[in-house]
Amino acid sequence: MRVLKSLGLGYRTLVMGVLNVTPDSFSDGGSFLQTPSAIARALEMLDEGADIIDIGGESTRPSTFHDHSPLSVDEEKHRILPVITGVLAERPEAVISVDTYKPDVAEAALDIGAKLINDISGLTSGPEMAEVAAARNVPYILMHIPGRPRALPERTAYTDVIADIIAFLSRQADIAANAGLARNMIIVDPGIGFGKTTPENFEIIRRLSELRAVGFPVLVGPSRKNFIGKALGGLPPSERLEGTAAAVALCVAEGADIIRVHDVREMARVIKVADAVVRGTADAAG
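The shown structure was predicted, so the numbers you read here are calculated from the model rather than taken from an experiment. (Residues numbered from 1 in each chain as written. Predicted model: local features only at pLDDT ≥ 70, side-chain atom pairs only at ≥ 80, totals over all residues. Heavy atoms only, no water.)

Engineer: Would you take a moment to explain a nonpolar patch on the surface for this structure?
Structural biologist: The grouping of Val 273, Val 277 and Val 278 at the surface amounts to a nonpolar patch, some 290 Å² of accessible area in total. On the secondary structure map, Val 277 appears in helix 11 (residues 264-278). Take Val 277: its relative accessible area is 69%, and that puts it in the exposed class. (Patch = residues over 30% accessible without salt bridge, like charges linked within 9 Å, V, L, I, M, F, W, Y side chains within 5 Å. Areas by Shrake-Rupley, 256 points an atom, 1.4 Å probe, with all protein chains shown as cover. Salt bridge = Lys/Arg side-chain N within 4 Å of Asp/Glu carboxyl O. Helix = DSSP H or I, 4+ residues; strand = E, 2+ residues; numbered from the N terminus. Buried < 20%, exposed > 50% of the residue type's maximum accessible area, 1.4 Å probe, protein only.)

Engineer: I keep staring at the side chain of Asp 257 and nothing clicks. Help me out?
Structural biologist: When you line up the elements, Asp 257 lands in the loop between helix 10 (241-253) and strand 8 (258-261). Setting aside its immediate chain neighbours within four residues, Asp 257 contacts Leu 9, Arg 12, Thr 13, Leu 14, Arg 212, Pro 217, Val 218 and Arg 279. (Contact = heavy atoms within 4.5 Å.)

Engineer: Honestly, the pattern of salt bridges in this entry has me stumped. Any pointers?
Structural biologist: Side-chain pairing between opposite charges can occur once the charged atoms of the two side chains come close. Applying the stated criterion across every chain, the model contains 19 salt bridges. Salt bridges sharing partners connect three or more residues here, namely Arg 41, Glu 44, Glu 48 and Arg 265.

Engineer: Even after reading the chapter, I still don't get the packing of aromatic side chains, so can you show me in this structure?
Structural biologist: The geometry of an aromatic ring pair is captured by two quantities: the separation of the ring centres and the angle between the planes. Counted under the stated rule, the structure contains one aromatic pair. The interplanar angle of 75 degrees and the centroid separation of 4.9 Å between the aromatic rings of Phe 202 and Phe 227 together place this pair among those described as edge-to-face. Here Phe 202, found in helix 7 (residues 198-206), pairs with Phe 227, found in helix 9 (residues 226-231); they are 25 residues apart in sequence, far enough to count as distant. Over the ring of Tyr 101 we find Lys 102; its NZ or CZ atom is 4.5 Å from the centre of that ring. (Phe/Tyr/Trp six-rings, centres within 6.5 Å; stacked < 30°, edge-to-face > 60°. Lys NZ or Arg CZ within 6 Å of the ring centre and 35° of its normal.)

Engineer: Can you walk me through the pairing of strand 5 (residues 140-143) in this structure?
Structural biologist: Side chains Tyr 140 and Leu 142 of strand 5 all project onto a buried face; the interleaved residues Ile 141 and Met 143 project onto the opposite face, where all are buried too. Judged from the three bridges that link them, strand 4 (residues 116-119) and strand 5 form a sheet pairing that is parallel. Within strand 5, the residue paired with Ile 117 across the bridge is Tyr 140. Crossover strand 4 to strand 5 through helix 5 (residues 128-136) is right-handed. Sheet analysis places strand 5 next to strand 6 (residues 186-189), joined by four bridges and oriented parallel. Bridging across to strand 6, Tyr 140 finds its partner in Ile 186. (Pairing = 2+ DSSP bridges. Right-handed = clockwise from strand over helix to strand, strands pointing away.)

Engineer: Where do I start with the packing of helix 10 against helix 11 in this structure?
Structural biologist: Packed helix pairs are characterised by how far apart their axes lie and by the angle those axes make with each other. Taken N-terminus to C-terminus, the directions of helix 10 and helix 11 make an angle of 30 degrees; their axes are 9 Å apart at the nearest point. With respect to helix 11, the element helix 10 is oriented roughly parallel. The way helix 10 lies across helix 11 gives a crossing that is right-handed. In this structure, helix 10 contributes Leu 241, Thr 244, Ala 245, Val 248, Ala 249, Val 252 and Ala 253 to the contact, and helix 11 contributes Glu 266, Met 267, Val 270, Ile 271, Ala 274, Asp 275 and Val 278. Within the contact of helix 10 with helix 11, the residues separate by chemical class into eleven nonpolar, one polar and two charged. (Axes fitted to C-alpha atoms, helices over the stretch in contact; angles between N-to-C directions. Parallel < 35°, antiparallel > 145°, perpendicular 65-115°, else oblique. Left-handed = near helix turned anticlockwise from the far one by under 90°. Nonpolar A, V, L, I, M, F, W, Y, C, P; charged D, E, K, R; others polar.)

Engineer: What is the right way to read the environment of Asp 47 from this model?
Structural biologist: Topologically, Asp 47 is positioned in helix 2 (residues 35-48). Put simply, Asp 47 and Val 264 are 217 residues apart on the chain and 9.3 Å apart in space, counted from C-alpha to C-alpha.

Engineer: I keep staring at the sheet that holds strand 8 and nothing clicks. Help me out?
Structural biologist: For sheets, the rule is that strands pair by backbone hydrogen bonds, running either parallel or antiparallel. Strand order across the open sheet formed by eight strands is 6-5-4-3-2-1-8-7, with parallel pairing between neighbours. At either end of the open sheet lies a strand with only one pairing partner, and these are strand 6 and strand 7 (219-220). The sheet strands contacting helix 2 are strand 1 (14-20) and strand 2 (52-56), and the helix crosses strand 1 at an angle near 165 degrees.

Engineer: Help me understand the environment of Pro 199, please; the structure alone is not making it clear to me.
Structural biologist: Examined against the element boundaries, Pro 199 turns out to sit in helix 7. With 32 residues separating them in the primary sequence, Pro 199 and Ala 231 have C-alpha atoms 9.7 Å apart.

Engineer: What is the right way to look at helix 4 (residues 103-111) in this model?
Structural biologist: Structural remark: α-helix, 3.6 residues per turn; residues separated by three or four positions point the same way. What helix 4 keeps buried is the set Val 105, Ala 106, Ala 108, Ala 109 and Leu 110. Contact partners of the buried residues in helix 4: helix 3 (73-90), strand 3 (96-99), strand 4 and helix 5. In the stretch just after helix 4, Gly 113 is the one whose phi turns positive, near 125 degrees.

Engineer: Explain helix 6 (residues 161-178) to me, please; I cannot follow it from the model alone.
Structural biologist: The first and last C-alpha atoms of helix 6 sit 26 Å apart over 18 residues, in line with the 26 Å expected at 1.5 Å per residue. Buried within helix 6 are the following residues: Val 161, Ile 162, Ile 165, Ile 166, Phe 168, Leu 169, Gln 172, Ala 173 and Ala 176. Buried positions in helix 6, seen along its axis, are confined to an arc of 165 degrees and lie on one side of it. Buried residues along helix 6 sit against helix 5, strand 5, strand 6, helix 7 and helix 8 (208-211). Phi turns positive one or two residues past the end of helix 6, at Gly 180, with a value near 105 degrees. (Expected span 1.5 Å × (residues − 1). Arc of directions from axis to C-beta.)

Engineer: Explanation requested: the nonpolar core in the structure shown.
Structural biologist: Most often, soluble globular proteins have nonpolar side chains that are buried together. In this structure, Leu 4, Leu 19, Ile 55, Val 87, Ile 117, Leu 211 and Ile 258 are the most contacted members of the largest nonpolar core, which totals 85 residues. It is helix 6 that contributes the most residues to this core, eight residues altogether. Ignoring sequence-local partners within four residues, the contact set of Leu 4 consists of Leu 9, Leu 14, Ile 52, Val 95, Leu 116, Pro 139, Ile 187 and Ile 258. Counting five residues, the second-largest nonpolar core is a separate cluster that includes Tyr 101, Ile 120, Met 143 and Ile 145. (Core = buried A, V, L, I, M, F, W, Y, C linked by side-chain atoms within 4.5 Å.)

Honestly, it's all geometry; don't read function into it.
As structure tokens, this is what we get:
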């Protein structure tokens, strides 16, 4: 976790910028499918205040999982590896996260300079991704998901959504630890939008501080998601900026350590002010 500590993890809320190198992501599918545009966007996000660039080559919006046709490992590598190489050629100090649930893709990204793994599968397919993180000694983001990628249930019945998420993440963290991953390299994510209703997503944010009981840093990804659009009367992703800002500020207030966002410039500013209130990190004179 040294690389994230050097960015201020634990002192301030880190900004993770989303880079979808895909044709079909829910909010910006196709915008950055070509390598030059993807590299340019990554560099722009770094200039806008991103601490981490999260690069993914396969759309992980829940609706895509029901086709049961995962992107091939070779195609996923083809999409993301040139982008990682290009970004690091321009900014060798950049901290890049690989957004994948495939161990072979994660290994290839780490080989060329990625520094952490963002795995939406929550180890539901086995411990292999934790083994990769352990072997490379890199931080691992463990997300709650009520099923396996490409096999999500249409509806999940929770006894208590936060208690159930905590129980899942605790169990899966034990699997990661048994695979050799040091517990101090685990970050947890409640998986907003994955198998949760709109009220449940809002409840997760409202009770996010309870997730800290698991004992790991917390990442949250509310950016532009459907529950925000619904709260705003059905607005599309492109019109969810203010709603995302509200969710992001409340996530900071509830103790999030990393927030994953699309609109980096705006959300970095929201996070900076929220941190000044919640963590007392303001450095302005007077």
